[in-house]
Amino acid sequence: MAGYFKDLYLGVTTVIAGMQVTFRHLFEKNITIQYPRVVKEMYPRARARLVNTISECECCYKCQRICPVNIFTITGIRAGKDEDLGMLPSGKPKQMHILEFDIDFSKCVYCGLCVDVCETKSLHWEAPQEVCTFTRGEMKISFADMPEEEKQRLLKQEAEKKAARAAAAAAKAAAGGAKPGAKPVPKKPVVKKDEGENAAEEKTE
Ligand code: SF4
Ligand code: SF4
């Protein structure tokens, strides 16, 4: 009987102690928010999302080369000598057309190496209010703003230039090979190391 009352006493006092903790926090200010209906503002220096200000990017590919997870897709075409693409913040003339500049944030490890290596500071961190997406595909973000027709025009122009360069190089090589009176250069016999050593041994014997 004594044990029964002891258990009863312990049960009631434990519930009262627990309820005291609950009531202590019941009227305090909430520390949780009703996400996603309410979204907390990010701290301004948060490494939340990379942003590239494309007008300030010189398309040097340094960010792509240093990224340990290789999540940049950059396509640039050098501008012609007579083209004026404006100036970079450094005062240098912009020399590259940027056709593609994508970052796949689903693979980013937020190391910040790409930002450190960017000399123009066009690549930087921003803290948007909401960075979550519903699909992985939405995490691949494009920063290049070139219209599709312009992109196709530049690609075609570049392909033509490359073909012309290749044709000129082939013509030059053909012209060089068919030079009248040119003596054929004798090929050096290839002697394998072992063969050379054996020959030397035979000679000494
Ligand atoms: S923060 Fe690191 S992992 Fe993310 S894009 Fe930059 S270099 Fe790549
Ligand atoms: S390092 Fe900076 S300037 Fe160079 S391609 Fe990347 S974002 Fe552009």
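Residues numbered from 1 in each chain as written. Chains lettered and ligands numbered in written order. Predicted model: local features only at pLDDT ≥ 70, side-chain atom pairs only at ≥ 80, totals over all residues.

## Re the overall build of the protein
The helix and strand inventory of the protein stands at five helices and five strands. Walking the protein from its N terminus toward its C terminus, one meets helices and strands in the order α-β-α-β-β-α-β-β-α-α. Partitioning the contacts of the protein with sequence separation of at least 6, the portion at a separation of at least 24 is 76%. (Helix = DSSP H or I, 4+ residues; strand = E, 2+ residues; numbered from the N terminus. Contact = placed C-beta atoms within 7 Å.)

## Structural notes on the site of ligand 2
By nearness alone, 13 residues border ligand 2, and Cys57, Cys60, Cys63, Cys118 and Leu123 come closest of all. Grouping the amino acids of the shell around ligand 2 by side-chain chemistry returns eight nonpolar, three polar and two charged. (Near = placed C-beta within 6 Å. Nonpolar A, V, L, I, M, F, W, Y, C, P; charged D, E, K, R; others polar.)

## Let's talk about the pairing of strand S1 (residues 49–52)
Because side chains alternate across S1, one face comprises the buried residues Leu50 and Asn52, and the other comprises Arg49 and Val51, none of which is buried. Here S1 pairs with strand S4 (residues 123–126) via four bridges, running antiparallel. Looking at the pairing, Val51 lines up with His124 of S4. (Buried ≥ 20, exposed ≤ 12 C-beta atoms within 10 Å, placed from the backbone. Pairing = 2+ DSSP bridges.)

## Section: the nonpolar core
Grouped together as the largest cluster of nonpolar side chains are 13 residues, with contacts concentrated most on Cys63, Phe72 and Leu123. Every element with two or more residues in this core is listed here: strand S2 (72–78) and strand S3 (96–104). Of all the elements, S3 adds the most residues to this core, at three residues. Sequence-distant contacts of Phe72, defined by excluding residues within four places in its chain, comprise Cys63, Gln64, Cys67 and Ile103. (Core = buried A, V, L, I, M, F, W, Y, C linked by C-beta atoms within 7 Å.)

## Comments concerning the site of ligand 1
Close contacts around ligand 1 come from 14 residues, with Cys67, Cys108, Cys111, Leu113 and Cys114 the closest. Here the residues of the shell around ligand 1 are counted per class, giving 13 nonpolar, one polar and no charged.

## Some remarks on unusual backbone geometry
Tyr35 connects to Pro36 through a cis peptide bond whose omega is 10°. By secondary structure assignment, the location of Pro36 is in the loop between helix H1 (2–26) and S1. The phi torsion at Asn70 lies on the positive side, around 55°, for a residue other than glycine. Within the secondary structure, Asn70 is located in the loop between helix H2 (62–66) and S2.

## Thoughts on the sheet that holds S3
Whenever strands of a sheet pair, they do so through backbone hydrogen bonds, lying parallel or antiparallel. Strand order in this open sheet of three strands is S2-S3-S5, and the pairing throughout is antiparallel. Each end of this open sheet is capped by a strand with a single partner; those strands are S2 and strand S5 (140–142). Sheet twist, expressed as the mean angle between neighbouring strand axes with direction ignored, is 10°. The pairing of S3 with S5 spans three bridges and is antiparallel. Residue pairing for S5: Asp102 is matched across the bridge by Ser142. (Axes fitted to C-alpha atoms, helices over the stretch in contact; angles between N-to-C directions.)

## What about the confidence of the model for the protein?
Counting all residues, the mean pLDDT for the protein is 86, and 86% of those residues have values of 70 or more. Contacts from residues 193–205, a stretch scored under 50 in pLDDT, to residues over four places away or in other chains number one contact. (pLDDT = per-residue confidence, 0-100.)

## Quick notes on the environment of Val115
Mapping Val115 onto the fold places it in helix H3 (residues 113–117). Its 16 C-beta neighbours within 10 Å are what place Val115 among the partly exposed residues. Along the sequence, Val115 and Val51 sit 64 residues apart, while their C-alpha atoms lie 9.7 Å from each other. When near neighbours in sequence (up to four residues on either side) are disregarded, Val115 contacts Leu123, His124 and Trp125.

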